[in-house]
Amino acid sequence: MIICVLGSGGREHSLCKSISLSSKVKKIYCIPGNAGTDELAKNVNINLDNFEKILKFLKDYKVDLVIIGPEKPLVDGIVDFLEKNNIKVFGPRKIPSQLEGSKIFTKNICKNYNIPTSKFGIFENIENAINYLKNVNFPIVVKADGLASGKGVYISNNFDEAKLAVKEIFGGKFGIAKNILIEEFIKGEEMSFFIISDGKSFKIFKTAQDHKRVYEGDEGKNTGGMGAYSPSGLINEELEKKIINKIILPTLKAIEDMGEKYKGFLYAGLMISNNEPYLIEYNVRMGDPECQTILPLLKNDLIDVLIACCDEKLENQVLQWKEEKSLCVVLCSNGYPEKYKKNIEIKNLNNLSLDKNDYIFHAGTKKENGLILSNGGRVLNFVCLSTSYKKARERILDLINKLNWNNGFYRKDIGFKVIDK
Ligand code: AMP
Ligand code: GLY
């Protein structure tokens, strides 16, 4: 088969890696890809907003299956567009993708289907939002409605902070804002819960926990993710049942009631408080870096699973997982998530000798004149599978030390909740 992966991050490199292990795969393309995907796939430089050009490429190169990595093309309807043009594609259509594309869409589903989430209000203008804030308990969470690349969420500790958040969102910081969401702050521990669904049935696709804050001890600004581990230390049979029955099933039912089907990965961002799950947000794709952390644990041929999903035959697949723990540390450019330099050479990568349980996935990298250069804030993802999170982390820190990239920084405490307790 000829496969094409859309995206350019660590998530897409790990997808290419798993796909490359399938004996059914003859050729992989990645649009646009990075220096890591370049080793496994042929990178093709097309803008992900240009659906017509992507379609022409897929037809010209006789691609059998397209896998969509990031959220933006999904929310913009790439799946509907490609399906109309008879291309086999893995990912949810435009309407179900609103689960990520509009926080208000999701909150309304929560309200109508009784899904546990924080109490919320939706406001159409600054005055109403600010009036509401005069009578709430702090901290409170103020959110822009649409896609904001992980930004657009303010945890405000007092009235003045919340007022500023409302003004920034309505001021257009995250695009035109018709509405704003203000919700109660839930105390607890976060967990990422993944399923894969074919519209008829679904399978659990493991759990993970990521570290979004830039500094050790989960301090500092939010980032795209500084590291992750799988499985989450919080998951147990009882909690899993609650997540499925109270959150996943009612959501899939809501999508069905709209006359739609949910096909693809669904990522529930949960807050766990006293072994009770609350939905914080949905993403309609795999997480990054959770994907890189989880995929190396999958024993199945990923292509079999994805094809079964496209053909609505997922029920026949039995997902099998390795017993090991998986941990991922993200190596970032100095200065991230604020200003950072690009185009800094990463030497030594080829000198690192990796064992079968070690993986290095590229995120913000590119190849130029045979050199590997940094090309983003999150640059490389080091993943290791081991009998314990501690051993996995030690191995990764050893590899990062050996790489000795002096433009980079990383968190040495990834997994502290499951390692240091
Ligand atoms: P989101 O983009 O909705 O996932 O929000 C980004 C981050 O803000 C989440 O990962 C949480 O850490 C935090 N957050 C969002 N909503 C809430 C909430 N209602 N209570 C507590 N923390 C929240
Ligand atoms: N790791 C967070 C995300 O993928 O949205």
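Residues numbered from 1 in each chain as written. Chains lettered and ligands numbered in written order. Predicted model: local features only at pLDDT ≥ 70, side-chain atom pairs only at ≥ 80, totals over all residues. Heavy atoms only, no water.

Side-chain pairs of opposite charge can arise where the charged atoms are in close proximity. Summed over all chains, the structure comprises 36 salt bridges. Residue arginine 285 pairs with glutamate 100 through a salt bridge whose shortest N-O separation is 3.2 Å. Of the two residues, arginine 285 is situated in the loop between strand S16 (276-283) and helix H11 (290-294) and glutamate 100 in helix H6 (residues 94-101); the sequence distance between them amounts to 185 residues. For the pair arginine 285 and glutamate 100, a shared accessibility class is recorded, and that class is buried. (Salt bridge = Lys/Arg side-chain N within 4 Å of Asp/Glu carboxyl O. Helix = DSSP H or I, 4+ residues; strand = E, 2+ residues; numbered from the N terminus. Buried < 20%, exposed > 50% of the residue type's maximum accessible area, 1.4 Å probe, protein only.)

Neighbouring ligand 2 are the residues Asp210, Gly224, Tyr267, Asn283, Arg285, Gly287, Asp288, Pro289 and Glu290. Note that an oxygen atom of ligand 2 is positioned 2.9 Å from one of the backbone N or O atoms of aspartate 288. Here ligand 2 has 200 Å² of accessible area as a free molecule, and 88% of this is covered by the chains. For the shell around ligand 2, the per-class residue count stands at two nonpolar, three polar and four charged. (Near = heavy atom within 4 Å. Polar contact = N/O pair within 3.5 Å; in protein donor to acceptor, adjacent residues only side chain to side chain. Areas by Shrake-Rupley, 256 points an atom, 1.4 Å probe, with all protein chains shown as cover. Nonpolar A, V, L, I, M, F, W, Y, C, P; charged D, E, K, R; others polar.)

It is the rolling of a water-molecule-sized probe over the atoms that shows where space remains empty. Taken as a whole, the second largest pocket holds about 400 Å³ of empty space. Residue lining of the second largest pocket: 18 residues in total, with His13, Glu39, Leu354, Ile360 and His362 positioned closest to the centre. Sorting the residues of the lining of the second largest pocket by element identifies helix H1 (10-20), helix H2 (37-40) and strand S18 (358-362) as the ones contributing at least two each. Sorting elements by how many residues they give to the lining of the second largest pocket places S18 first, with five residues. The residue inventory of the lining of the second largest pocket, partitioned by class, reads nine nonpolar, four polar and five charged. (1 Å grid on protein atoms, 1.4 Å probe; cavity = no way out; pocket = protein on both sides within 12 Å on 5 of 7 lines; lining within 4 Å. Points joined across faces, edges and corners; volume = space filled by probe spheres on them.)

Its 15 residues give helix H13 (residues 389-403) an end-to-end C-alpha distance of 21 Å, which sits within 8% of 21 Å, the value for a rise of 1.5 Å per residue. Those residues of H13 that fall on the buried side of the exposure criterion are Tyr389, Ala392, Arg393, Arg395, Ile396, Leu397, Leu399, Ile400 and Leu403. Among the structural elements, strand S14 (227-230), strand S17 (325-333), S18, strand S21 (378-386) and helix H14 (416-419) are those in contact with the buried residues of H13. Directly beyond the C-terminal end of H13, a positive phi value near 55° is found at asparagine 404. (Expected span 1.5 Å × (residues − 1). Contact = heavy atoms within 4.5 Å.)

Take the packing of helix H8 (residues 126-133) against helix H9 (residues 159-170) next. One way to put it is that H8 packs onto H9 with a least axis distance of 10 Å and a crossing angle of 165°. Of the possible angle classes, the one that applies to H8 and H9 is roughly antiparallel. Pair H8 / H9 crosses with right-handed handedness. Side by side, H8 and H9 meet where Ile126, Ala129, Ile130 and Leu133 of the first sit next to Phe159, Ala162, Lys163, Val166 and Phe170 of the second. A per-class count over the contact of H8 with H9 returns eight nonpolar, no polar and one charged. (Axes fitted to C-alpha atoms, helices over the stretch in contact; angles between N-to-C directions. Parallel < 35°, antiparallel > 145°, perpendicular 65-115°, else oblique. Left-handed = near helix turned anticlockwise from the far one by under 90°.)

Read from one edge of the open sheet, four strands run S6-S9-S7-S8, paired in antiparallel fashion. The strands lining the two open edges of the sheet, one partner per strand, are strand S6 (120-123) and strand S8 (153-156). Across the sheet, the axes of successive neighbouring strands diverge by a mean angle of 20°, strand direction being ignored. Bridge count between strand S7 (residues 140-144) and S8: four bridges; the pairing is antiparallel. Residue lysine 143 lies in a different strand from S8, and its bridge partner there is valine 153. Across the sheet, H8 touches S6, S7 and strand S9 (180-184), and the angle it forms with S9 is around 10°. (Pairing = 2+ DSSP bridges.)

Among the 15 residues in the neighbourhood of ligand 1, the closest are listed as Glu183, Glu184, Ile186, Glu190 and Glu281. The side chain of glutamate 190 places a nitrogen or oxygen atom 2.4 Å from an oxygen atom of ligand 1. At a separation of 2.9 Å, an oxygen atom of ligand 1 approaches a polar side-chain atom of glutamate 281. Considered on its own, ligand 1 offers 470 Å² of accessible surface; in the complex 92% of this is hidden by protein. Contributing elements (two or more residues each) for the shell around ligand 1: S7, S8, S9 and S16.

Another aspect to go through is the packing of aromatic side chains. By the definition in use, this model includes 13 aromatic pairs. With a centroid separation of 6.2 Å and an interplanar angle of 75°, the aromatic rings of tyrosine 154 and phenylalanine 174 are classed as edge-to-face. Pair noted here: tyrosine 154 is in strand S8 and phenylalanine 174 is in the loop between H9 and S9, with a separation of 20 residues, a long-range link. Cluster of aromatic residues (ring-pair linked, three or more members): Phe90, Phe205, Phe265 and Trp321. Lysine 412 extends its terminal NZ or CZ atom over the ring of tyrosine 410, reaching a point 5.2 Å from the ring centre. (Phe/Tyr/Trp six-rings, centres within 6.5 Å; stacked < 30°, edge-to-face > 60°. Lys NZ or Arg CZ within 6 Å of the ring centre and 35° of its normal.)

Attention now moves to the pairing of S16. One ladder, built from seven bridges, connects strand S15 (residues 263-273) with S16; its direction is antiparallel. By the bridge assignment for S16, isoleucine 272 is matched with proline 277.

Formed by 70 residues in total, the largest nonpolar core has its most connected members in Ile19, Ile196, Phe205 and Phe382. Beyond its immediate stretch of four places on either side in the chain, phenylalanine 205 contacts Phe194, Ile195, Ile196, Phe265, Met286, Ile294, Leu295, Leu298, Leu319 and Trp321. Tyr29, Ile46, Ile248 and Ala268 belong to the second largest nonpolar core, which has 48 residues in total. (Core = buried A, V, L, I, M, F, W, Y, C linked by side-chain atoms within 4.5 Å.)

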